[in-house]
Amino acid sequence: MAEIRVQNLRKAFGAFVAVQDSNFVVEDGEFFVMLGPSGCGKTTTLRMIAGLELPTGGKILLGGEDVTMRRARERDIAFVFQLFALYPHMNVRKNIGFPLLAQGMASAEIRERVEETAKLLRIDHLLDKSVSGLAGGDRQRVALGRAIVRRPKCFLMDEPLGTLDTEFRDLMVHELRELHNRIHATTVYVTHDQMEAMSMADKIAVMNHGVIEQFGTPREIYDRPATMFVADFIGSPPMNFLKFGGGLAKGAKEIVVQGAKVAVPEVREDVAPADMALGIRPEHIRFDDGSRLRGAIYGTEYLGTTQIVAVETADGIIKARVPAGIHLSPGEQVGLALSSARLSLFEKGTGRAVRTAMYDQAAEARHG
Amino acid sequence: MSLTTAHSVVAPSSNAKLIAGTIIIAYALISIVPLLWIFATSFKTPPDSIAYPPKIVFQPSIEGYCNLFTTRTRQTPEYINSLGPATGFCDETVRKRNMVIAGPSNFLPRFVNSLIIAFGSTFCAVFLGTLSAYGFSRFKVPLADDLLFFILSTRFMPPIAVAIPIYLMYRELGLSDTALGMILLYTAVNVSLAVWLLKGFIDEIPREYEEAAMIDGYTRLQAFWRTVLPQATTGIAATAIFCLIFAWNEYAFAALLTSGTAQTAPPFIPTIIGEGGQDWPAVAAGTTIFLVPILVFTILLRKQLLRGITFGAVRK
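The numbers attached to residues start from 1 for each chain and follow its sequence in the written order. Each chain gets a letter, beginning with A, and each ligand a number, beginning with 1, in the order they are written. Under the rules for a predicted model, residues below a pLDDT of 70 receive no local features and side-chain atom pairs below 80 are neither given nor counted, while totals for whole chains, interfaces and linings still include all residues.

Colleague: Outline the packing of helix α2 (residues 92-102) of chain A against helix α3 (residues 107-120) of chain A, supporting the account with residue identities and numerical values.
Modeller: Residue and element names in this part refer to chain A. Note on geometry: axes are lines fitted to C-alpha atoms, helical ones only across the stretch in contact, with angles between N-to-C directions running from 0 to 180 degrees. By definition, any uninterrupted DSSP run of H or I lasting at least four residues is a helix, any uninterrupted run of E lasting at least two residues is a strand, and each is numbered from the N terminus. Packing of α2 against α3 brings their axes to within 9 Å, and their N-to-C directions diverge by 125 degrees. In this view, α2 runs oblique relative to α3, as classed from their interaxial angle. Considering the relative orientation of α2 and α3, their crossing is right-handed. The segment α2 lies against α3, with R93, I96, G97, L100 and L101 engaging I110, R113, V114, T117 and A118. Considering only residue class, the contact of α2 with α3 consists of six nonpolar, two polar and two charged. Oblique is the label for every angle not falling under 35 degrees (roughly parallel), over 145 degrees (roughly antiparallel), or within 65 to 115 degrees (roughly perpendicular). Two helices that cross are described as forming a left-handed crossing if the nearer one is turned anticlockwise from the farther one by less than a right angle, and a right-handed crossing if clockwise. Here the contact rule is simple: place C-beta atoms from the backbone, and any two residues whose C-beta atoms are within 7 Å are in contact. Throughout, the ten residues Ala, Val, Leu, Ile, Met, Phe, Trp, Tyr, Cys and Pro are labelled nonpolar, Asp, Glu, Lys and Arg are labelled charged, and all others, Gly among them, are labelled polar.

Colleague: Could you give me a rundown of the interface of chain A and chain B, with the residues and numbers involved?
Modeller: Interfaces are often sized by the amount of accessible area the parts lose when they come together. Opposite the 17 residues of chain A that make contact, chain B presents 14 residues. Contributing elements (two or more residues each) for the side of chain A that touches chain B: β6 (77-80) and α2 of chain A. Classifying every residue of the side of chain A that touches chain B gives 14 nonpolar, two polar and one charged.

Colleague: Which residues make up the nonpolar core, and what values do they have?
Modeller: Put simply, a nonpolar core is buried Ala, Val, Leu, Ile, Met, Phe, Trp, Tyr and Cys residues tied into one set by C-beta atoms within 7 Å. Any residue surrounded by 20 or more other C-beta atoms within 10 Å of its C-beta is treated as buried, while 12 or fewer makes it exposed and the intermediate range makes it partly exposed; C-beta atoms here are placed from the backbone. Judged by nonpolar contacts, the single largest core of 151 residues is most densely connected at A:V33, A:A50, A:F79, A:L156, A:V188, A:L278 and B:L198. Considering every element that reaches this core, the biggest residue donor is helix α11 (residues 220-249) of chain B, with 14 residues. Contacts of A:V33, omitting those with residues within four sequence positions, involve A:Y189, A:T191, A:A197, A:M200, A:A201 and A:I204. If you look at the next biggest cluster of nonpolar residues, it comprises 16 residues, including B:C66, B:I101, B:F268 and B:V283.

Colleague: How would you sum up the environment of B:T287? Please name residues and give values.
Modeller: Its location among the elements puts B:T287 in helix α14 (residues 280-300). Linking B:T287 and B:P270, residues 17 residues apart in sequence, is a C-alpha distance of 9.7 Å.

Colleague: Provide a residue-level description of unusual backbone geometry, including the pertinent values.
Modeller: The omega angle of the peptide bond from A:S236 to A:P237 is -5 degrees, so this bond is cis rather than trans. Relative to the helices and strands, A:P237 resides in the loop between α8 (228-233) and β11 (240-244). Note the cis peptide between B:Y52 and B:P53, where omega equals -5 degrees. Of note, B:P53 is situated in the loop between α2 (46-49) and α3 (63-69). Its identity as a non-glycine residue notwithstanding, A:F84 has a phi of 70 degrees, on the positive side. Structurally, A:F84 can be placed in the loop between β6 and α2.

Colleague: I'd like a description of the domain arrangement of chain B, backed by residues and values.
Modeller: Residues and elements named next belong to chain B. Here the bounds of each domain stem from an automatic or database domain assignment. Per the domain assignment, the segments of chain B are domain 1 (46-105) and domain 2 (108-309). If you look at the interface, domain 1 gives 11 residues, while domain 2 gives 10 residues. Elements supplying a minimum of two residues to the side of domain 1 that touches domain 2: α2 and α3. Tallying contributions element by element places α3 first for the side of domain 1 that touches domain 2, with six residues. Taken together, the residues that form the side of domain 1 that touches domain 2 break down as six nonpolar, three polar and two charged.

Here you go:
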């Protein structure tokens with residue numbers, strides 16, 4: 001296993017820049033997820049790490065070695081494709097053993113390694129079946145088997161659960177993470193599904209338009225989104241934004257939104273007057289008749305233990321996650337109380353998050 | 001049909017099936033009758049073959065096959081009587097007509113020429129076609145669309161339209177009446193078909209297969225050989241049949257460019273007619289034997305052919 005270091009990686013297809021100066025480090029044994037909407041450059045980045053695309057600029061280091069211009073077969077990595085790419089003309093055993101055959105390994109040893117791998121993935125009973133008859137989850141396991149059988153430096157996975165049914169998907173998310181915990185393989189996993197990313201990743205890079213918007217643990221990304229895009233992309237329902245104007249002075253602890261004073265984490269930088277947005281996660285909203293921030297109930301979505309309540313405010317609809325027990329009827333006027341310590345502030349123009357005490361705490365915690 | 005039985009809107013009705021079946025059987029009969037007639041004629045004696053009204057029931061004879069494979073000379077009965085006893089059935093049959101076998105005919109070498117040229121050119125066309133199609137399918141080829149159009153444009157006119165320039169070129173190059181020349185010619189005609197057909201097949205094979213193999217330690221050529229080729233067999237088989245049928249049946253170029261050593265069976269068979277009267281059984285025997293290789297090849301690959309023809313109509 002090895003660490004993956006990506007430096008100023010760039011890829012352009014003609015005039016279109018797919019990946020812009022990406023930098024990140026996947027530490028040895030880490031489960032790293034690249035998350036973003038389709039066309040954001042995450043798959044291109046993965047393919048460059050694999051050696052299936054050559055970068056326009058930048059470097060890729062695998063275990064300290066520069067592999068940027070090396071051929072895929074010389075990199076000692078394994079790749080799991082979205083469509084699995086199981087060879088239909090071979091049975092399960094041959095599919096899993098295929099990478100070992102390339103190394104010229106003796107057939108007895110291949111047999112042993114394939115069986116060992118199949119046991120690990122609990123597919124040893126399928127070894128002599130044809131791959132075309134397998135169910136989605138089993139195909140996925142065979143594809144994984146083909147990846148781990150060689151014990152490569154790292155695993156690259158391109159939306160491997162994308163084509164599975166929801167039922168299998170949840171199962172495989174669990175299995176993948178469990179497998180990772182057992183073999184501690186450095187893994188780069190590409191997905192557009194935030195639930196997969198949040199539940200499996202040690203670290204996440206959120207990408208948009210070829211740029212890494214934020215790099216951090218799932219918790220950091222959820223609690224302290226670096227940009228409005230990240231805040232909007234992560235979370236279901238996503239973060240609410242309420243606009244407010246004017247600049248911010250260093251040390252400010254309060255802002256005015258729709259005529260109501262809202263306490264926020266202490267601002268740690270001066271911000272010139274501009275259009276701003278206050279970011280609130282749905283679960284950080286409570287109903288409080290004393291609050292001056294008001295709205296009318298628009299609709300509710302019952303989820304069992306909680307409910308998502310859409311509230312129409314002067315600045316559009318915002319969604320709150322509140323206990324399911326509260327009874328609300330459409331049109332009802334409510335006051336909204338926000339959890340001050342958990343609010344984010346954004347510059348609307350750039351989408352950048354303003355430095356506040358909340359973000360600094362995280363940085364301090366990381367460096368300390 | 002009772003109200004309780006659900007009936008499919010897409011399944012054909014029994015009337016439609018009946019009509020379709022009748023048409024298919026009629027078409028099959030129309031197609032097969034000439035072939036059966038040729039086959040029957042090959043087992044007739046020369047007088048039976050030109051009998052009027054035509055004989056449907058007759059005493060089978062292999063005289064046609066004897067005549068096909070031999071050359072004969074007419075001799076006086078005295079001379080024939082002076083010979084020893086006939087050595088075989090053919091010998092005996094021929095002597096009854098006051099002839100003796102002078103030697104083997106050219107049919108066998110011509111037939112072998114046909115085999116070499118047709119299978120050789122089919123192999124070349126499919127080989128080149130597979131590689132080109134793979135290249136067009138997987139790599140960024142500069143001007144790929146224009147090149148593909150150019151390749152297709154070689155089929156815009158019947159190949160025979162360029163017969164005279166090719167005749168002159170071949171004469172200059174010393175390719176006239178050589179198997180190599182004919183293989184090159186048929187390959188050139190077929191390769192455009194092969195590229196287009198195979199490109200369609202290879203486009204349908206996800207490139208992830210090769211990418212997976214290349215990541216797993218194989219070179220591109222190995223990946224192509226081990227993952228693309230096995231999955232392209234259907235397309236390759238279908239393409240091979242089309243190429244073989246053309247090369248096997250081609251008459252015009254063969255008649256123009258071959259006369260001796262490299263002559264193929266199609267221009268040779270009609271020449272049988274001229275040798276010693278209109279020997280229809282021998283012609284029919286030649287035609288029957290000529291049909292065998294393509295029949296065997298098509299039967300062997302018929303599954304692929306069927307899948308090849310309907311390919312792309314329904315996604316797997």
